[in-house]
Amino acid sequence: MNPRLRGRPLCEGTGESTGLRFPRWANPTLSTGPRRRRGRRAVGLSLTPGWGQSSRHSTRALAGSHGRPGPAPPRPHSPIRPASTVGGAQSGDATGGTGRHRATQSPLPLRARAHPAQMESRSQRRRRSRQLVAAFLHDPGSGRVYRRGKLIGKGAFSRCYKLTDMSTSAVFALKVVPRGGAGRLRLRGKVEREIALHSRLRHRNIVAFHGHFADRDHVYMVLEYCSRQSLAHVLKARRTLTEPEVRYYLRGVVSGLRYLHQHRIVHRDLKPSNFFLSQDMEVKIGDLGLAARVGPAGHCHRVLCGTPSFQAPEVVSRHGHSCKSDIWALGCIMYTVLTGTPPFTATPLSEMYQNIRDGHYPEPTHLSPSARNLISRLLAPDPAERPSLDHLLEDDFFTQGFTPERLPPHSCHSPPVFAFPPPLSRLFRKVGQLLLTQCRASCPFTSKEASGPGEEGTEPDHVEPSSEEGAPLCAKSRVHILTLGTRRTELADSKGSLALQVELATRKLRLCLDTGTVAAQDPQGEQRPVLWAPKWVDYSLKYGVGYQLSDGGSGVLFRDGSHMALRPPGGHSGGRGRRRKTPPQACGVRDRDSFRSLVPSHVSYQPDQGTLWTFTLRDVPSPLRAKLAVLRLFACYMQRRVREEGTVSMPVTPASPDLSLLGVVADSRALLLLFSNGTLQVSFRTSQTQLVLSGEGEGFLLTLWEPGGPSTGVSYSLDALQSHGCTPTVQQHLRQGLRLLQSV
Ligand SMILES: Nc1ncnc2c1ncn2[C@@H]1O[C@H](COP(=O)(O)OP(=O)(O)OP(=O)(O)O)[C@@H](O)[C@H]1O
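Cut-offs used in this document
- Residues numbered from 1 in each chain as written.
- Predicted model: local features only at pLDDT ≥ 70, side-chain atom pairs only at ≥ 80, totals over all residues.
- Heavy atoms only, no water.
- UniProt positions renumbered as here; feature names shortened; annotations may be inferred.
- Near = heavy atom within 4 Å.
- Polar contact = N/O pair within 3.5 Å; in protein donor to acceptor, adjacent residues only side chain to side chain.
- Areas by Shrake-Rupley, 256 points an atom, 1.4 Å probe, with all protein chains shown as cover.
- Helix = DSSP H or I, 4+ residues; strand = E, 2+ residues; numbered from the N terminus.
- Contact = heavy atoms within 4.5 Å.
- Expected span 1.5 Å × (residues − 1).
- Buried < 20%, exposed > 50% of the residue type's maximum accessible area, 1.4 Å probe, protein only.
- Phe/Tyr/Trp six-rings, centres within 6.5 Å; stacked < 30°, edge-to-face > 60°.
- Lys NZ or Arg CZ within 6 Å of the ring centre and 35° of its normal.
- Salt bridge = Lys/Arg side-chain N within 4 Å of Asp/Glu carboxyl O.

Taking an unreviewed UniProt entry as the reference, the chain is identified by name as Serine/threonine-protein kinase PLK belonging to Mesocricetus auratus. Annotation of the chain in UniProt includes, under Catalytic activity (unreviewed entry), the sentence "L-threonyl-[protein] + ATP = O-phospho-L-threonyl-[protein] + ADP + H(+)". The annotation that UniProt attaches to the chain under Sequence similarities (unreviewed entry) is "Belongs to the protein kinase superfamily. Ser/Thr protein kinase family. CDC5/Polo subfamily."

Let's shift gears to the site of the ligand. Taken together, 19 residues surround the ligand, and among them Ala 156, Ser 158, Cys 160, Glu 224 and Cys 226 come closest. One of the backbone nitrogen or oxygen atoms of Cys 226 is found 3.0 Å away from a nitrogen atom of the ligand. One of the side-chain nitrogen or oxygen atoms of Asn 274 is found 3.3 Å away from an oxygen atom of the ligand. Its free accessible area being 610 Å², the ligand has 91% of it covered by the protein chains.

Once that is clear, we can look at the UniProt feature "binding site: ATP" (unreviewed entry) in the chain. What UniProt calls "binding site: ATP" (unreviewed entry) maps, in this numbering, to Lys 175. By the element assignment, Lys 175 lies in strand β6 (residues 171–178). If we skip the residues at most four places from it in the chain, Lys 175 touches Ser 158, Arg 159, Cys 160, Glu 194, Val 219, Tyr 220, Met 221, Leu 223 and Asp 287. At 3.1 Å, the side chain of Lys 175 forms a polar contact with the side chain of Glu 194.

So, on to helix α22 (residues 728–742). The end-to-end C-alpha separation of α22 is 21 Å, in line with the 21 Å expected for 15 residues at 1.5 Å each. Where α22 is concerned, the buried positions are Val 730, Gln 731, His 733, Leu 734, Gln 736, Gly 737, Leu 738, Leu 740 and Leu 741. On its buried side, α22 packs onto α18 (498–513), β22 (661–666), β23 (670–675), β24 (680–684), β25 (690–694) and β26 (701–705).

Attention now moves to the packing of aromatic side chains. To describe a pair of aromatic rings, one takes the distance between the centres and the angle between the planes. Per the counting criterion, the structure on display carries 13 aromatic pairs. Aromatic side chains Phe 344 and Tyr 361 sit 6.0 Å apart centroid to centroid with 85 degrees between the ring planes, which places their arrangement in the edge-to-face category. Within this pair, whereas Phe 344 is found in the loop between α12 (323–339) and α13 (349–358), its partner Tyr 361 is found in the loop between α13 and α14 (369–378), the two being separated by 17 residues in sequence. Aromatic ring contacts, followed pair by pair, group Tyr 146, Phe 172, Phe 213 and Tyr 220 into a single cluster. The ring of Phe 397 has Arg 247 lying over it, and the distance from NZ or CZ to the ring centre is 4.8 Å. Here the basic side chain of Lys 627 rests over the ring of Phe 558, its NZ or CZ set 5.4 Å away from the ring centre.

Positive phi values are uncommon outside glycine, yet Arg 268 reaches one of about 70 degrees. Judged by its relative accessible area of 4%, Arg 268 is buried. Phi at Asp 287 is positive, roughly 55 degrees, even though this residue is not glycine. In this fold, Asp 287 is placed in the loop between β11 (283–285) and β12 (292–293).

Moving on: the environment of His 413. Position of His 413 among the secondary structure elements: in the loop between α16 (396–399) and α17 (424–438). Separated by 179 residues in sequence, His 413 and Val 234 have C-alpha atoms that sit 6.2 Å apart. Apart from residues no more than four positions distant in its own chain, His 413 is found in contact with Ala 237 and Arg 238.

What follows is about the pattern of salt bridges. Tallying each qualifying case throughout the model produces 18 salt bridges. In this structure, Arg 204 engages Glu 282 in a salt bridge whose closest nitrogen and oxygen atoms are separated by 2.4 Å. Here the residue Arg 204 occupies a position in the loop between α8 (184–198) and β7 (209–214), and Glu 282 occupies one in the loop between β10 (275–277) and β11, the gap between them amounting to 78 residues. Take Arg 204: its relative accessible area is 53%, and that puts it in the exposed class. Measuring nitrogen to oxygen at the nearest pair gives 2.9 Å for the salt bridge that ties Arg 386 to Glu 314. Of the two residues, Arg 386 sits in the loop between α14 and α15 (389–393) while Glu 314 sits in helix α11 (residues 313–316), which places them 72 residues apart along the sequence.

If you want it as structure tokens, here you go:
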């Protein structure tokens, strides 16, 4: 087979014989025959009546195209209604009548008409051939008059124009199929079937069918205008799409396809060029030219039709199409849009068909495991093993990855960047729905959802003022335990356990307070690199508490007590899971700049204290993907906030992979974070002050970030505190921290 035809729909086999010829105008290299050509030429050069021109001409045109007394009557069973062509046509076909009739009107000498090829250049001929459809069209059925607009594109059997309803100014797409040509009977049958099927369908993910009519030469279908063309156009500009986009498009396609299958219709030619895009980027299945109803056994005729590289094994083997053949095509499409090439492309065709039968395609190793897994399910050689449309949407690829609610129009030519606010909460809700079903019972107390430091609100992007710092402690400032790490009893006293760290942190706080002296000003401090959390997100009501570390890593202590972290490169791996050097996959929510700075080298997961698994980003097992999605959402959000706020951190030794957040407690004035390495952080909401106690023994440091102070914070050793003392404000902060800690 000519490889150029590989992208074109093919139709062969019983019922629909092979080699449907292209209509003549669809292939300019095919001869149109002398008589016909002469007729067109003559008409084309004749003076044709324009819109609003002489009533005689208009009446003639309205009475029927081509100067005949009336339009050609439709076949008795034909769904095609005849049309009137209103004057103003640029085409003789539409306005003038037959060559003989028009020749009488032509002002040109016969000589010119006898040798048109000598008179016109190829481009003129091409231009003329494009003008075969009248400029104004009248649908006698509905009484509407349309103005034909520009040519949108050409298919193998049809051309498509923009169309405007003259009375309402509504814009449509006009699909024009010629009635003439050698294969006209077959083509006519195809068009009739397309109209019969398509005109009964109504679904937001299927190109709407608004009407049809015909004249002697053409059948016209008035369709919903999809101004952003098709997914094939997007692919041409982009080459590949991101996984969130693929989820978005496939969701729409699955919805439309489910509707078709419910009506026992198989599309048989699903491909990116038949997924049209509306102005607001909604995907619509179109071109039902090869669609057919399935018989009682769930199969169509045993025909070989569709686009060869997207044909299913059972189609290639001539066992006929079923709904599962469309599902196979979805697998081919998913592979194509994610990798840039179809899964089956080999030449010769026989080899490609063999690969299709064997389900043998190049493994797309660079895709995420869930994408690869879904592709392999869709491309199962046995149709019975392919998922149904409902099961397809339940696949991890959909349930554990972020799907945008809308795509921005610019995603037609460049990868979209998904911003968090304002739809942040919706995204979180969606991802979290699944997560919540996995989480165990909630914590004894729950907080308002808040983000910080210094922020409090119902959503991380929503800021509300908190109560005045320094206000007397009252019922309102009750301490809430937001999240706590899961305790394993046998590890309760081991290093890193919550109980032990609470005890150690309490001792450190007391040491600072016990310095006794109240100083008028802080002792001499120094700027030291400290591992702390410059940003945190309290979403404990639904998911947990996320934090961003000063080493660039981030983590979430989930409501169920488990902990997951994205570790930056340079950290030690040391976990029990696999660790491979792999570039990170697209972030669920893609903020490219922030993601670049995240570039996590691995993911560490602690289902409970004492158990640590590490994975590369791509190897995170499916059951943990929902948690990973939440972690990434938090991480991207915090990274962006850190960048926007210009928070500066001194370079710090990366955290060890087993570092985790053990617990988070808060009252109305402050929030306390306790880490497994003993670091204690207290973030004061109103004053924006941060207090961090880190290190042990000689390395013990109290670090303070205060408004107006150095953005890298000021650290004090225990020696300095003991010899110099603390200011009353610092003492108050320490007491506040102690109070929170005692609630754990
Ligand atoms: N409803 C529509 N809105 C906007 N553009 C459309 C619409 N329908 C078709 N087109 C455009 O018109 C062109 C021709 O479409 P058509 O469906 O006739 O053929 P095709 O699908 O490209 O090819 P083939 O029929 O060989 O599969 C394409 O470029 C397509 O993007």
